[in-house]
Every structure is written in structure tokens, then in C-alpha cells.
Amino acid sequence: EAALSPSFANNHHPQPDRYGFYSDTPGNSVASPSSTLASGATSSSRSRSEAVEIIRRREKKWLDMLNNWAKVIAKDYQLVRERCRKGIPDSVRPKVWFHLCGAFYINRDDPDLYRKCMTKVPNERTADEIERDLERQFPHHELFMQPDGHGQQALRRVLRAYAGAFPDVGYCQAMAPLAGALLLHMPESDTFYTVYILFDKYMRGYFRPGLDAVQVDGQILYGLLKRLNQPIYKHLVKYKVEPLHFMVDWFMCLYVRTLPWPTLLRVWDVYFCEGVKVVFRVAIALVTAVLGSSAQRRRLRSFEDTLDSLRRLPASATQAAVLLPAALKLQLSAADFEREHQKQFRLFNLRKLARQQQVQEQQEAAV
């Protein structure tokens, strides 16, 4: 069980930040950056008043879109995308995510799905794995701080329902931070529907044995880096740094354990709107922030140094105001992603077949 920091323990009246995290949360401590204020916080009361008015206008625009969602998403997707890139106001973010990813329609068409899935019991091994992971999720957030409190109980029900209903997928450790992050914003039932479509649509194949989809995406990332930035690609090749060495946690946890919370929310705003290519764009932007200049690369002259730099991202590279523009301005089209996916998928299957044939030959030789 995670212990509270001395400063937290000595403070008799600790206060969570605006996201519900207490101040000493590793990796998630935030001051006051707002995902809803385009211009950031100010000290002027007039500026604050103007900022509040901007928020209210943006909230109203989103509520108007939600009330006419089918029409808006069908006829004015570009407007939706533009507003997602600006950042969804906190007050409507959960509902917008629920609509953007399509969970709203699953819930509408099968409102009893969660209840039915809850009747499915996962096997004992899976249930034990879920139980062990509960207390590891956001231990410094007000929803999850209490052992077996409301947050952990809800997370347990969501994960068990999914694993029991879909035993061919089962449970993977990366599922818990994803479901936990959603629970920080959504009711339990909405979280399940969002998890359902997230794992089935956005992350299809990610949690199956062998993690084939993750391996393919790692090679896609490598291919895109080779296309966009030869010096970075050559540096990674020179020091034998493979994508799987640093991108697995990024992709499987959708940056939950990588980015500051305000940045994560902004990335998810765009992700739920534009899809999986956003994960690649963010990854390329992060790698570029670490290895983009010749001076940076000269300082990293080994496998260990390069990998450590990718695992210990500088704070300057993970701020939303820096990361998102860098990711979204990359010259990558949908056709580029599809072309690279087809290429790497074909190569992955060829390598897999070759390995299977080699194993078969070794077994036959041993007989």
C-alpha cells in the first residue's frame, strides 16, 4: 500500500488540487494549469472574469452540439475536431468523451449490457490479478485513497465485468489505469461502456496474449520516425533502442502514467475525436523533444543514456501548450498511417511465420 509523503502526513488539512489529486502525487502534481482556459491563469480580477465568461460561452457551444450530436458529428466534424483540439471544458468533458468514442450509442442500444456483464465471473487467477492491482491505481487521488473505498469498489466491478464477459481478452495490468482514469471523470456505468468500446475499437488486439498489436504499432512508430526524422531514427538504430523498449507503457496506458494530468486530458480530448493516430503523433513529438537536436543526440552516446532520456521526459516537453502543437503539426496523413500499418503488419506476419517454421524444424530435428 502506498505510503503518504511526510509533507502530506504532517498537514492536518491537506487539500486536493482541482483534479482531485493531493499535492505530493508523483507524476501528477499540477499547479493550476487549466484545460479550459486558453490563455491560462491570470492575477487580474478583470482577466479572471473574462476567462470565466469565455468558459461559459464554450460550455454553451458544447452543450448545443451535444443536444444535436448526430447531426453535428455527421455534417460538421471539422468543427468538432477544432474544438477538441482547443480543449473540452472540464464541466462537459465526460459527456463529450462518452459521445465521441461511441459509448453513448452502445449504451443507448443495449442499456443492460453492463448489468449482464456483471453476472459473468472471471476465473480465479484473473480475479486475483485485478484485486492486486486495485490499490496501485491513483493512490493519491481522493477517489482511490481509501482502501476498498468507493473508487476501488467501482474499479473492481468494471474490470471484473469486462474480464468475465470477454474471457478471450481477459485482464491485463494496463487496463486498470485506463479504467481508473475514466472513473475519475465518469459514473461507473459510463466508464464500463467507454472501456468496452476503447478496448474493442480504439485498442483492438492490445490486450490479447502475445501483444501482437502493440508490437506492430511499435514498428509503425519506428517506420514513421524513419520517414519524418532520419537523424533520430539513425540514432535509435545506432544504439539499438527498439520502440518496444520505451513505447509500450505510452501506448498501452494511453500516457496515463507518462503525462501531467492537464496534458493527459487534452491529449484524450483529441484522441477520442481523431483516433489512434493521435497516440503516434504524441509519441513522435515526445521522441523529437528528447532527440530532435544534434546537441541532444551527442549527449546520449549509449543505449542506456538514450533509453533513460525517453523514460525520464523533461517537464518542458510534456506541457500541453508545447506537446499538442508539436504533435498536431506533423506532416502525416491518414494515408501515411494506413500505408505504414499495412507494411509493418505484413512484415510482422512474415517474421512470425519464420519463427514458427524455425521452431517446427527444431522440434522435428530433435525427434
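Residues numbered from 1 in each chain as written. Predicted model: local features only at pLDDT ≥ 70, side-chain atom pairs only at ≥ 80, totals over all residues. Heavy atoms only, no water.

Below, the discussion takes up helix 8 (residues 124–134). Looking at helix 8, one finds that the buried residues are Thr126, Ala127, Ile130, Asp133 and Leu134. Taken around the axis of helix 8, the buried residues stretch over an arc of 130°, which confines them to a single face. Counted as exposed and oriented over 90 degrees from the buried face of helix 8: Glu124 and Arg125. Looking at the buried residues of helix 8, the elements they touch are helix 9 (150–165) and helix 10 (175–183). (Buried < 20%, exposed > 50% of the residue type's maximum accessible area, 1.4 Å probe, protein only. Helix = DSSP H or I, 4+ residues; strand = E, 2+ residues; numbered from the N terminus. Arc of directions from axis to C-beta. Contact = heavy atoms within 4.5 Å.)

Where like charges cluster on the molecular surface, the positive patch consists of Lys238, Arg298, Arg299 and Arg301. Residue placement: Lys238 occurs in helix 13 (residues 230–238). What makes Lys238 exposed here is its relative accessible area of 58%. (Patch = residues over 30% accessible without salt bridge, like charges linked within 9 Å, V, L, I, M, F, W, Y side chains within 5 Å. Areas by Shrake-Rupley, 256 points an atom, 1.4 Å probe, with all protein chains shown as cover. Salt bridge = Lys/Arg side-chain N within 4 Å of Asp/Glu carboxyl O. Lys, Arg positive; Asp, Glu negative; His and termini not counted. Charge placed at Lys NZ, Arg CZ, Asp CG, Glu CD.)

Another aspect to go through is the domain arrangement of the protein. Entries for the protein in the domain assignment read domain 1 (48–86), domain 2 (92–205) and domain 3 (212–353). Its C-alpha centre places domain 1 at a distance of 30 Å from the equivalent point of domain 3. Counting residues at the interface gives six residues for domain 1 and six residues for domain 3. Summing the contributions of domain 1 and of domain 3, the shared interface buries around 570 Å²; its carbon and sulfur component is 51%. Its largest share of buried area at the contact with domain 3, domain 1 owes to Tyr77, Cys84 and Arg85, together 81% of the area lost on that side. At the junction of domain 1 and domain 3, the tally comes to one salt bridge. (Domains from an automatic or database assignment. Buried area = accessible area lost by both parts, 1.4 Å probe.)

In this model, helix 15 (residues 261–274) (14 residues) spans 20 Å end to end at C-alpha, consistent with the 20 Å of a helix rising 1.5 Å per residue. Counting buried positions along helix 15 yields 14 of 14 residues, so the element is predominantly enclosed. A positive phi of about 95° marks Gly275, the residue just after helix 15. (Expected span 1.5 Å × (residues − 1).)

All right, on to the environment of Met186 then. Examined against the element boundaries, Met186 turns out to sit in the loop between helix 10 and helix 11 (188–202). Along the sequence, Met186 and Leu198 sit 12 residues apart, while their C-alpha atoms lie 14 Å from each other. Those residues in contact with Met186, other than ones at most four positions away along the chain, are Pro94, Trp97, Phe98, Thr191 and Thr194.

We now examine the pattern of salt bridges. One pass over the full model with this rule turns up 21 salt bridges. As a salt-bridge pair, Glu129 and Arg125 come within 3.6 Å of each other at their nearest N and O atoms. Placement of both Glu129 and Arg125 in helix 8 is noted, with a separation of four residues, approximately one turn of the helix. Here Glu129 falls in the partly exposed class, since its relative accessible area comes to 22%. Measuring nitrogen to oxygen at the nearest pair gives 2.8 Å for the salt bridge that ties Arg157 to Glu188. Pair noted here: Arg157 is in helix 9 and Glu188 is in helix 11, with a separation of 31 residues, a long-range link.

Backbone geometry places Phe138, a non-glycine residue, at a positive phi of 50°. As for its placement among the helices and strands, Phe138 is situated in the loop between helix 8 and helix 9.

This paragraph deals with the packing of aromatic side chains. Applying the stated criterion to the full structure yields 22 aromatic pairs. With centroids separated by 5.5 Å and ring planes inclined at 40°, the aromatic side chains of Phe166 and Tyr196 adopt a geometry described as tilted. Taken together, the residues span a long stretch of sequence, with Phe166 in the loop between helix 9 and helix 10 and Tyr196 in helix 11 at a distance of 30 residues. Centroid distance Phe280 to Phe337: 5.9 Å. Interplanar angle 55°. Geometry classified as tilted. One end of the pair, Phe280, is in helix 16 (residues 277–291); the other, Phe337, is in helix 20 (residues 334–366), with 57 residues separating them in the sequence. Per residue, the accessibility class of Phe280 equals that of Phe337, and both read buried. Aromatic rings pair up to connect Trp97, Tyr202, Trp268, Tyr271 and Phe272 into one cluster. (Phe/Tyr/Trp six-rings, centres within 6.5 Å; stacked < 30°, edge-to-face > 60°.)

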